[in-house]
Amino acid sequence: MVKGKPPPLSERRRFLLQALQGIGLATLGAVTWSAYLDEAKGSKLFLRPPGALNESDFLSHCIRCGLCVEACPYDTLKLSRVGDNVPLGTPYFTAREIPCHMCDDIPCVPPCPSGALDAVLVSKIDKAGTTKLDIGMAKMGIAIVDSDQCIAYWGIQCDACYRACPLINEAIVIDHSRNDRTGKHALLVPRVVPDVCTGCGMCEKVCVTEKASIFVLPLEVAKGKAGSNYIKGWDEKDEKRLETQRGGGETTVTPTSSQKPVDYLNDEEF
Amino acid sequence: MGWLKKHRFLILRRLTQISMIVFYFAANAWGWKVLEGNIGSSLFLGTIPLADPFAVVQMSAAGALLGLDVLIGAVIITLFYAIIGGRAFCSWVCPINMVSDAANRLRRVLRINEVERRVVISRHLRYWVLALSIALSAIFGVAAFEFISPIGMVSRGLIFGIGFGGAVVAGVFLFDLFGVKNGFCGHLCPLGGFYSLIGRFSVIRVKHNQEKCTLCMKCTTICPEKPVLHMIGKRSEFVAMGECTNCARCIEVCDDDALNFNIRLFKQQDKE
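Given the structure is predicted, the values throughout are model-derived calculations rather than measurements.

A word on the overall build of chain B. Of the regular secondary structure elements, chain B holds 14 helices and five strands. Against the globule reference of 19 Å for 272 residues, chain B gives a C-alpha radius of gyration of 19 Å, in line with a compact fold. By its C-alpha atoms, chain B is 55 × 45 × 40 Å across when sized along the principal axes. Looking at chain B as a whole, 51% of its 272 residues qualify as buried. Carbon and sulfur atoms make up 69% of the accessible area of chain B, which totals about 12800 Å².

Let us look at the sheet that holds strand β3 (residues 48–51) of chain B. Strand pairing in a sheet relies on backbone hydrogen bonds, with the paired strands running either antiparallel or parallel. Residue and element names in this part refer to chain B. In space, the three strands of this open sheet follow the order β1-β2-β3, with antiparallel pairing throughout. Where the open sheet ends on each side, the last strands, each with one partner, are β1 (35–38) and β3. If you compare each strand with its neighbour and ignore which way they point, the axes differ by 15 degrees on average. By the bridge criterion, four bridges tie strand β2 (residues 41–44) to β3 in an arrangement that is antiparallel. Within the sheet, the bridge partner assigned to S42 lies in β3 and is L50. Along the sheet, helix α2 (residues 8–30) contacts β1 and β2; its crossing angle with β1, the most-contacted strand, is approximately 90 degrees.

Before going further, it helps to spend a moment on unusual backbone geometry. Outside of glycine, negative phi angles account for most residues, and trans bonds account for most peptide bonds. Residues and elements named next belong to chain B. With a phi close to 60 degrees, L215 is a non-glycine residue in the positive phi region. By the element assignment, L215 lies in the loop between β4 (204–208) and α12 (218–222). Given a relative accessible area of 51%, L215 falls into the exposed group. Within the chain, M217 stands out as a residue other than glycine whose phi angle is a positive 65 degrees. When you line up the elements, M217 lands in the loop between β4 and α12. Judged by relative accessible area, M217 falls into the partly exposed class, the value being 30%.

Among the nonpolar cores identified, the biggest contains 102 residues, and B:F89 and B:I151 are the most heavily contacted of them. Discounting chain neighbours no more than four positions away, the residues touching B:I151 are B:I39, B:C94, B:P95, B:I96, B:F145, B:F184, B:C189 and B:L191. Counting residues in hydrophobic clusters, the runner-up holds twelve residues, among them A:L67, B:A51, B:V56 and B:V70.

Moving on: the interface of chain A and chain B. Every contact between the two is made by 32 residues of chain A and, on the other side, 45 residues of chain B. When the two sides are added together, the surface that chain A and chain B hide from each other amounts to roughly 3000 Å², 70% of it contributed by carbon and sulfur. If you sort the residues of chain A by the area they bury against chain B, A:W33, A:I63 and A:E70 come out on top, with a joint share of 23%. Along the contact surface separating chain A from chain B lie zero salt bridges.

Before going further, it helps to spend a moment on the packing of aromatic side chains. Counted by the stated rule, this structure contains eleven aromatic pairs over all chains. Seen in terms of ring centroids, B:F194 and B:Y195 are 5.9 Å apart; in terms of plane orientation they differ by 75 degrees. Their pairing is edge-to-face. Comparing B:F194 with B:Y195, the two get one shared label, buried. A network of ring pairs unites the aromatic residues B:F54, B:F80, B:Y81, B:F89, B:F145, B:F194 and B:Y195 as a single cluster. The aromatic ring of B:F147 is capped on one face by A:R64, whose charged end is 4.6 Å from the ring centroid.

Residues and elements named next belong to chain B. Positionally, E225 belongs in the loop between α12 and α13 (249–253). Judged by relative accessible area, which is 3%, E225 ranks as buried. Side-chain polar atoms of E225 contact the side chain of R126, separated by 2.9 Å.

Moving on: the packing of helix α6 (residues 96–110) of chain B against helix α9 (residues 165–179) of chain B. All names here are of chain B. Direction vectors running N to C along α6 and α9 enclose 30 degrees, while the axes themselves pass 8 Å from each other. Read as a crossing pair, α6 and α9 show a hand that is right-handed. Here I96, V99, S100, A102, A103, L106 and R107 of α6 come into contact with α9, specifically with V169, V172, F173, D176, L177, F178 and G179. Residue composition of the contact of α6 with α9, by class: ten nonpolar, two polar and two charged.

Here we come to helix α11 (residues 190–198) of chain B. Residues and elements named next belong to chain B. Burial of α11 is extensive: seven of the nine residues sit out of reach of the surface. Residues P190, L191, G192, G193, F194, Y195 and S196 constitute the buried set of α11. Residues of α11 that are buried sit in contact with α3 (53–61), α4 (68–85), α5 (88–92), α7 (125–140), α8 (150–160) and α10 (183–188).

What follows concerns the pairing of strand β6 (residues 172–179) of chain A. Residues and elements named next belong to chain A. Where β6 lies against strand β7 (residues 185–192), eight bridges are found, and the strand directions are antiparallel. From the neighbouring strand, H176 faces β7, where its bridge partner is L188. Where β6 folds back on β7, the antiparallel hairpin that results is connected by five residues, among which G183 adopts a positive phi of roughly 80 degrees.

What follows deals with the domain arrangement of chain A. Residue and element names in this part refer to chain A. By the assigned domains, chain A splits into domain 1 (37–140) and domain 2 (142–221). Here the C-alpha centroids of domain 1 and domain 2 sit 25 Å apart. Contact residues are listed per partner, giving 18 residues for domain 1 and 25 residues for domain 2. Each partner contributes to the roughly 1600 Å² buried at the junction of domain 1 and domain 2, and carbon and sulfur atoms together form 60% of this total.

Mapped onto the elements, B:E36 comes out in strand β1. If sequence neighbours within four positions are ignored, B:E36 has contacts with A:L67, A:E70, B:Y24, B:A27, B:S41, B:S42, B:L43 and B:G46.

A few words now on the domain arrangement of chain B. Note: interface size is frequently given as the accessible area lost on complex formation between the parts. Residue and element names in this part refer to chain B. Parsing chain B into structural domains produces domain 1 (2–197) and domain 2 (203–271). In this structure, domain 1 and domain 2 have C-alpha centres spaced 24 Å apart. Contact with domain 1, which involves 24 residues of that partner, is made by 24 residues of domain 2. Of the roughly 1800 Å² buried at the junction of domain 1 and domain 2 (both faces included), carbon and sulfur atoms supply 43%. The three residues of domain 1 that bury the most area against domain 2 are K6, F9 and R87, which together make up 30% of that side's buried surface.

Each value, and the rule that gives it
- Residues numbered from 1 in each chain as written.
- Chains lettered and ligands numbered in written order.
- Predicted model: local features only at pLDDT ≥ 70, side-chain atom pairs only at ≥ 80, totals over all residues.
- Heavy atoms only, no water.
- Helix = DSSP H or I, 4+ residues; strand = E, 2+ residues; numbered from the N terminus.
- Rg over C-alpha atoms; globule rule 2.2 N^0.38 Å.
- Buried < 20%, exposed > 50% of the residue type's maximum accessible area, 1.4 Å probe, protein only.
- Areas by Shrake-Rupley, 256 points an atom, 1.4 Å probe, with all protein chains shown as cover.
- Pairing = 2+ DSSP bridges.
- Axes fitted to C-alpha atoms, helices over the stretch in contact; angles between N-to-C directions.
- Contact = heavy atoms within 4.5 Å.
- Core = buried A, V, L, I, M, F, W, Y, C linked by side-chain atoms within 4.5 Å.
- Buried area = accessible area lost by both parts, 1.4 Å probe.
- Salt bridge = Lys/Arg side-chain N within 4 Å of Asp/Glu carboxyl O.
- Phe/Tyr/Trp six-rings, centres within 6.5 Å; stacked < 30°, edge-to-face > 60°.
- Lys NZ or Arg CZ within 6 Å of the ring centre and 35° of its normal.
- Polar contact = N/O pair within 3.5 Å; in protein donor to acceptor, adjacent residues only side chain to side chain.
- Left-handed = near helix turned anticlockwise from the far one by under 90°.
- Nonpolar A, V, L, I, M, F, W, Y, C, P; charged D, E, K, R; others polar.
- Domains from an automatic or database assignment.

Right, dumping it as structure tokens:
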């Protein structure tokens with residue numbers, strides 16, 4: 001074959017190459033964009049307004065209009081900006097700066113046009129059958145105590161978080177025990193009651209340590225999960241799961257050893 | 001007076017763009033009830049919901065069963081642009097328009113348009129980005145474009161504080177200035193693509209009168225969506241392509257009254 005100028009592109013080849021180019025560039029764009037989306041979705045360390053759907057549903061529902069932010073009378077809520085490490089444009093709050101004041105009428109929830117903040121999640125039906133907003137049902141996060149840095153655990157008297165808690169003696173209770181270090185004082189330490197705590201962050205705001213030793217984390221981050229294989233036998237409701245639960249219920253059979261128990265005493269290794 | 005007449009639509013456009021931002025800002029700062037929220041979704045006069053239909057499409061693709069308010073709001077906006085305004089959102093409402101117009105202006109002043117080195121991308125790219133937005137929304141379960149939209153960033157930024165979003169806006173400006181002429185709005189933006197598609201059959205349109213045209217071509221120089229003016233000097237007809245943003249710059253620069261807004265009713269057009 002003689003080396004020379006290659007023949008001009010045929011129509012078909014030109015078309016195929018152009019299509020390939022388009023697909024290639026689209027893939028490049030899609031991959032970059034996907035990487036960013038995945039990364040942006042991954043951040044979790046922030047608190048959502050009361051009545052927010054779980055985080056993945058919240059992200060698909062929130063239209064980022066800021067009506068909840070405008071409704072908040074304490075300027076607690078902010079819309080995230082570039083660099084805040086919160087999915088862009090969505091509402092959040094930082095408890096150490098301005099916590100949620102747990103307004104009775106929850107002004108941030110009803111204006112939500114898209115259902116990302118769902119009034120049903122923070123409403124109770126009373127005996128008369130009317131639905132009423134109840135901020136006590138909010139689950140914005142949960143307060144966690146760092147017992148290593150909380151000065152009450154050192155034996156120093158402090159109950160700032162307990163006093164500031166809007167659900168005083170319900171969401172935070174004080175446990176007392178003997179102070180073994182001094183031998184003659186009591187330790188009065190705060191303990192968070194997980195079912196009651198709404199995650200408003202009042203405690204984090206007032207904590208006297210340099211960096212708050214009681215702080216609110218989103219439930220998804222803070223909570224463990226025992227798994228459905230554990231059933232509380234002492235709890236009638238939980239026990240009922242035995243009847244309804246499907247899957248995960250296989251029985252493990254360990255074969256009995258053929259040796260006599262005494263033989264093991266005479267074993268060389270013993 | 002001459003200057004005013006030459007910029008009458010431009011002044012009106014800036015007026016609508018800026019007054020919307022002022023109303024949004026006032027709603028957040030002082031509790032005015034004229035227009036609350038932002039460009040993604042708002043509440044007009046405290047009662048009428050408005051919503052960005054493209055955001056709603058993405059969110060629905062992401063699997064969200066949305067609240068009635070945003071759905072109604074999206075329908076209202078869709079009907080308005082589909083029946084009346086065409087792609088008017090881009091030149092009369094969108095805050096990025098001022099950024100890209102500024103870049104364009106500077107391009108003309110600095111004569112960057114005459115520099116040989118060019119970056120060429122297709123105007124159809126926006127439809128690819130549009131398709132990709134919806135596909136990625138479905139895959140990741142979030143409204144994909146809303147995560148990167150400079151439009152949302154600016155709109156929220158002007159109301160709630162912009163932060164590093166300013167860098168993104170600067171990016172759009174630099175891209176339009178040194179990269180591609182009308183690069184963002186005319187080539188990339190899927191929201192513009194979306195409104196081009198739904199505004200295709202709107203009633204308010206620019207109409208060209210070929211008999212008056214002197215072929216000075218000022219209109220095609222100023223037009224941010226040049227291909228839509230393909231009929232200039234050739235045929236008297238409506239600017240029918242959906243990509244026209246009804247910005248009316250062509251009407252203003254024309255010294256011969258060969259371009260004007262007109263009502264397009266399809267029955268009449270058939271007779272002509």
